[in-house]
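Structure assessment
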Amino acid sequence: MPKHISSTDLENYRENGYLYPIQIMSKSQALDIRNHIESIDKPMLDKIGGELGHKAHLLMPILNDLVKNPVLLDTVEDILGPNILCWGGSFFTKKPGDNAFVSWHQDSNYWGLSGGDVLTAWVALSPATRLSGAMKALSGSHRGPNLKHVETYHPDNLLSRGQEVKTDIDIDLVVDMTLQPGEVSLHHIDLVHSSAPNQSNDARIGYAIRYISTNVQSSYDKDRALLVRGVDKFGHFDPDVEPDRGFSPAAILNYIESNRLHMELLYQNAPK
Ligand SMILES: O=C(O)CCC(=O)C(=O)O
């Protein structure tokens, strides 16, 4: 018996590789998080290298609470089972009028994680609409093969390597995963997805949280993750540490190291 989503939702996720929209908090709670993030001042950001990188939930209790949001975890548990690690979290922000986009890609291509028990919960902190460049899913593509990618390093591409699948996209299978603040979309690690530039007057902001089952293994021996539900009897990942206070000295140190390791992993075997 699923905890939060219906059996039909679960079947749809398995069939299509994505599910949306799922409300996990009120619009005003989502906007509070947005305000909090947008009010971080420059001296504070300078302490961590100038901008929020990966795993900002290790830096700020408000994001730590987000990755442990009970409704979100009930939803994730319905898909991944009871023992869940948060492996990553990244902001995907597109300001109005900038050219930022995300090319068609599969996350499995460059994360080095074993098996399919991996999903992203993309949490909308502002409206993600067709105009603002909501994520697009290629329905059912997670059931196909792992596709060959080229690495473009395009300056406007928000992906680490500007990676892009070398295949024709059937536009009849493309779905715009539009969301309102407080809503979430889920996508499978093998799903082909992308997003277009923001043509609205507001920023499009999402925190993409990567969840894995504790049985998943990493190709990177220093990989870390945070246990957010259940027990980890496998111990495949070194434990990430939750922040004691926002931007405390300990949280900053811990975040910087975990972010560095995550970047090292994402750029494994990449040209310099
Ligand atoms: O935010 C976007 O537009 C793309 C996000 C993405 O590629 C991901 O979460 O895997």
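Coordinates for the structure precede this section.
Predicted model, so just to flag it, every value in this text is computed and none were measured. (Residues numbered from 1 in each chain as written. Predicted model: local features only at pLDDT ≥ 70, side-chain atom pairs only at ≥ 80, totals over all residues. Heavy atoms only, no water.)

**Focus: helix α2 (residues 27-38)**
The condition is simple: For helices the rule is a DSSP run of H or I covering at least 4 residues; for strands it is a run of E covering at least 2, with both sets numbered from the N terminus onward. To estimate how far a helix should extend, the number of its residues minus one is multiplied by 1.5 Å. For every residue, the accessible area obtained with a 1.4 Å probe (protein chains only) is divided by the maximum for its type, and the residue is called buried under 20%, exposed over 50%, and partly exposed between those limits. Taking the helix axis as origin, the arc is that swept by the directions to the C-beta atoms. Contacts are assigned to residue pairs with any non-hydrogen atoms lying within 4.5 Å of each other.
Here α2 is twelve residues long and its end C-alpha atoms lie 16 Å apart, about the 16 Å a rise of 1.5 Å per residue gives. Looking at α2, one finds that the buried residues are A30, I33, R34 and I37. End-on, the buried residues of α2 take up no more than an arc of 100 degrees, which puts them together on one face. In the core, the buried residues of α2 are packed alongside α4 (61-67), β2 (84-94), β4 (118-124) and β11 (204-213).

**Some details on the nonpolar core**
The line we're drawing: Think of a nonpolar core as a cluster: buried Ala, Val, Leu, Ile, Met, Phe, Trp, Tyr and Cys residues, connected wherever their side-chain atoms sit within 4.5 Å.
Residues L52 and Y211 are the most contacted members of the largest nonpolar core, which totals 45 residues. The element contributing the most residues to this core is helix α5 (residues 70-80), with five residues. What L52 contacts, discounting residues up to four positions off in sequence, is I37, I40, L45, L59, M60, F91, F247 and Y255. In this structure, L113, A124, A137 and L179 belong to the second largest nonpolar core, which totals 30 residues.

**Quick look at the packing of aromatic side chains**
Using the following cut-off: Each Phe, Tyr or Trp ring, with Trp reduced to its six-membered ring, pairs with another whose centre is within 6.5 Å; inter-plane angles below 30 degrees give stacked pairs, above 60 give edge-to-face pairs, and intermediate values give tilted ones.
According to the stated counting rule, one finds four aromatic pairs in the structure shown. Centre to centre, the rings of W87 and W111 are 5.0 Å apart; their planes meet at 50 degrees, and the pair counts as tilted. Placement of the pair is W87 in strand β2 and W111 in helix α6 (residues 108-111), with a sequence separation of 24 residues. The same class applies to W87 as to W111, namely buried. A connected cluster of aromatic rings, assembled from ring pairs, spans W87, Y110 and W111.

**Regarding the side chain of H188**
Along the chain, H188 falls in strand β9 (residues 183-188). Since its relative accessible area comes to 12%, H188 is described here as buried. Setting aside chain neighbours within four positions, we find H188 in contact with Y13, G17, G116, V118 and H142.

**Structural notes on empty space enclosed by the protein**
Inclusion rule: Buriedness for pockets is judged along seven lines, at least five of which must meet protein on both sides within 12 Å for an open set on the 1 Å grid over protein atoms alone, while cavities are sets there where a 1.4 Å probe fits but cannot get out, and lining residues have an atom within 4 Å of a point. Grid points are joined across faces, edges and corners, and a volume is the space filled by probe spheres set on the points.
Here the structure, examined in full by the defined rule, presents one cavity of 30 Å³ or more. Every residue lining the largest cavity is counted, 15 residues in all, and those nearest its centre are F92, V102, H105, M135 and H193. Residue contributions to the lining of the largest cavity peak at three residues, all from β11.

**Considering the site of the ligand**
To keep it simple, the criterion reads: In these notes, residues near a molecule or strand are those with any non-hydrogen atom within 4 Å of it. Polar contact is defined as a pair of N or O atoms within 3.5 Å, subject to the rule that within protein one atom must be able to donate a hydrogen and the other to accept it, and that residues adjacent in sequence are counted only when both atoms are side-chain atoms. What decides whether a molecule sits in a cavity or pocket is whether more than half of its atoms lie within 2 Å of the grid points. We call Asp, Glu, Lys and Arg charged. Ala, Val, Leu, Ile, Met, Phe, Trp, Tyr, Cys and Pro are nonpolar, and the rest, Gly among them, are polar.
Residues in close proximity to the ligand total 13 residues, the closest being W122, H193, S195, R204 and R210. Interatomic distance of 3.3 Å between a side-chain N/O atom of H187 and an oxygen atom of the ligand. Within the side chain of R210, an N or O atom sits 2.9 Å from an oxygen atom of the ligand. More than half of the atoms belonging to the ligand lie within 2 Å of the grid points that define the largest cavity. If you list the elements that add at least two residues to the shell around the ligand, you get β3 (102-106), β4, β10 (192-195) and β11. A total of three residues in the shell around the ligand trace back to one element, the largest contributor, which is β11. By residue class, the composition of the shell around the ligand is five nonpolar, five polar and three charged.

**Notes on the sheet that holds β9**
Worth spelling out the cut-off: In this analysis, strands are considered paired if DSSP registers two or more bridges between them. Between the N-to-C directions of two axes lies an angle of 0 to 180 degrees, each axis being a line fitted to C-alpha atoms and, for a helix, fitted only over the stretch in contact.
If you walk across this open sheet you meet the seven strands as β1-β9-β4-β11-β2-β12-β13, and the pairing is mixed. At either end of the open sheet lies a strand with only one pairing partner, and these are β1 (18-23) and β13 (238-239). Alignment of β1 against β9, held across four bridges, turns out to be antiparallel. Note that in β9 the partner of Q23 across the bridge is E183. Packed on one face of the sheet, α5 meets β1, β2, β4, β9, β11 and β12 (224-229) and runs near 45 degrees to β11.

**Thoughts on helix α7 (residues 249-266)**
In this model, α7 (18 residues) spans 26 Å end to end at C-alpha, consistent with the 26 Å of a helix rising 1.5 Å per residue. Within α7, burial applies to A251, I252, N254, Y255, S258, N259, L261, H262, L265 and L266. Packing partners of the buried residues in α7 comprise β2, α6 and β12.

**What about the sheet that holds strand β5 (residues 135-138)?**
Strand order in the open sheet made by the four strands is β3-β10-β5-β8, with antiparallel pairing throughout. Either end of the sheet is taken by a strand with one partner, and the two such strands are β3 and β8 (174-176). Ignoring strand direction, the axes of neighbouring strands in this sheet form an average angle of 20 degrees. Pairing analysis gives three bridges linking β3 to β10, with the strands arranged antiparallel. Paired with Q106 across the strands is V192, a residue of β10.

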